[in-house]
Amino acid sequence: MTHLVLHAVRLLGFADTAAVAARFDQGDVEPTLRDAEARGWATYSSFAGTSGWSLTEAGRAENERLLKAELTGNEDAVQELYEEFLPLNALLQQACTDWQLRPTATDPLAANDHTDAAWDAGVLHELKMIDRALASIAARLSAVLPRFRGYDVRFTNALERGWVDRSDVDSCHRVWFELHEDLLATLNLRR
């Protein structure tokens, strides 16, 4: 359980106990988080009215050690799927940019006010294509490492709700960012 708790904290960056437990559908993670804190792997802090857990450098190193052990024997399969993911990553980044910006003749960085239904429909169509491709990648990743299960479902749910780039909900962008971080962490790659 320590493995998934540390990994949840890493993926979430800064999260309360309930969010850490929910990330991999774990039960009571408080004792594991407190143990990680005692070992110097995690820290609990509060600021600006929010409180949560984050990894220390030692916790990040421990998470990387556990990920490496988990990956043993599956490096090539996950690397191949990551390489398949990368072109989709570029498409997702462009779709999110297009959701936020809609260039005009006088302003190439004009904010998308979402009054052009055709523009928004084009972005949503692109996201639906990404969603289909993600389903295949997520299924194959989950077959290798079960903790990858659910990214595709979360992305589809966000798309169905129209949550493209929101940061306060499990939006397409947020799910994608987390998946990307998960792949990078698993393969011990840096952004």
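This text follows the structure it describes.
For the structure given in this document, a descriptive report is provided here. All values reported here derive from a predicted model rather than from experimental measurement.

## Examining the side chain of Glu62
Its location among the elements puts Glu62 in helix α4 (residues 57–71). Polar contacts involving the side chain of Glu62 include one to the side chain of Arg65, which spans 2.7 Å. The contact partners of Glu62, leaving out residues within four places of it in the chain, are Leu6 and Trp41.

## Focus: the packing of aromatic side chains
Across all of its chains, the model carries six aromatic pairs by this definition. Both rings, one in Phe14 and one in Phe47, keep their centres 5.4 Å apart while their planes meet at 40°; by these two values the pair is tilted. Of this pair, Phe14 sits in the loop between α1 (2–12) and α2 (17–23) while Phe47 sits in strand β1 (residues 42–47); the two residues are 33 residues apart in sequence, bridging distant segments of the chain. We classify Phe14 as partly exposed; its relative accessible area is 29%. Ring centres 6.1 Å apart and planes at 45° place the aromatic pair Phe148 and Tyr151 in the tilted group.

## Side note on helix α3 (residues 30–38)
Regarding α3, the residues found buried are Thr32, Leu33 and Ala36. Axial view of α3: buried residues confined to an arc of 100°, hence all on one face. Within α3, the exposed residues directed more than 90 degrees away from the buried face are Pro31 and Ala38. For α3, the elements touching its buried residues are α1, α2, β1 and β2 (50–55). The first or second residue beyond α3 is Gly40, which carries a positive phi of 85°.

## Some points on the pattern of salt bridges
Here the structure, examined in full by the defined rule, presents 16 salt bridges. The shortest N-O distance in the salt bridge between Arg34 and Glu30 comes to 2.8 Å. Within this pair, Arg34 and its partner Glu30 are both found in helix α3, separated by four residues, close to a single helical turn. Residue Arg34 is classed as partly exposed on the basis of its relative accessible area, which comes to 37%. A salt bridge links Asp35 to Arg39; its shortest N-O distance comes to 2.8 Å. Within this structure, Arg10, Arg60, Glu64, Glu181 and Arg190 form a network of salt bridges that share partners.

## Let's talk about the layout of surface pockets
Its boundaries defined by the atoms lining it, the largest pocket holds a volume of some 500 Å³. Leu12, Arg23, Arg154, Asp170 and Glu178 are the residues nearest the centre of the largest pocket, which is lined by 25 residues in total. Of all elements in the fold, only α1, α2, α7 (151–161) and α8 (172–186) reach the threshold of two or more residues within the lining of the largest pocket. Classifying every residue of the lining of the largest pocket by side-chain character gives eleven nonpolar, four polar and ten charged.

## As for unusual backbone geometry
Residues other than glycine seldom take positive phi values, yet Ala48 does so here, at roughly 50°. Mapped onto the secondary structure, Ala48 falls in the loop between β1 and β2. Look at Ala48 and you get exposed, because its relative accessible area is 75%. A positive phi angle is found at His114, which is not glycine, with a value near 60°. For His114, the location among the structural elements is in the loop between α5 (75–100) and α6 (117–144).

The rules behind these values
Numbering of residues begins from 1 in every chain and follows the order in which that chain's sequence is written. Where local features are concerned, this predicted model is filtered to residues with pLDDT of at least 70; where side-chain atom pairs are given and counted, the filter is 80 or more; whole-chain, interface and lining totals use all residues. For the side-chain quantities, the full set of heavy atoms in the structure was used; hydrogens and water were omitted. Put simply, DSSP marks the helices as runs of H or I at least four residues long and the strands as runs of E at least two long, and each gets a number from the N terminus on. What qualifies as a polar contact is a pair of N or O atoms within 3.5 Å, subject to a donor-acceptor requirement within protein and to the restriction that residues adjacent in sequence count only when both atoms come from side chains. In what follows, a contact means two residues having at least one pair of non-hydrogen atoms within 4.5 Å. Aromatic rings from Phe, Tyr and Trp, with only the six-membered ring used for Trp, were paired whenever their centres fell within 6.5 Å, and each pair was classed as stacked if the ring planes differed by under 30 degrees, edge-to-face if by over 60, and tilted otherwise. Relative accessibility thresholds used throughout: buried, under 20% of the residue-type maximum; exposed, over 50%; partly exposed, between the two (1.4 Å probe, protein chains only). Note that the arc is defined by the directions from the helix axis to the C-beta atoms. Any Lys or Arg side-chain nitrogen located within 4 Å of an Asp or Glu carboxyl oxygen qualifies as a salt bridge. In this analysis the probe radius is 1.4 Å and the grid spacing 1 Å, with only protein atoms considered; a cavity is a set of points the probe fits into but cannot get out of, a pocket is an open set with protein on both sides within 12 Å along at least five of seven lines, and lining residues have an atom within 4 Å of a point. Grid points are joined across faces, edges and corners, and a volume is the space filled by probe spheres set on the points. Each residue is assigned to one of three groups, with Ala, Val, Leu, Ile, Met, Phe, Trp, Tyr, Cys and Pro labelled nonpolar, Asp, Glu, Lys and Arg labelled charged, and all others, Gly among them, labelled polar.

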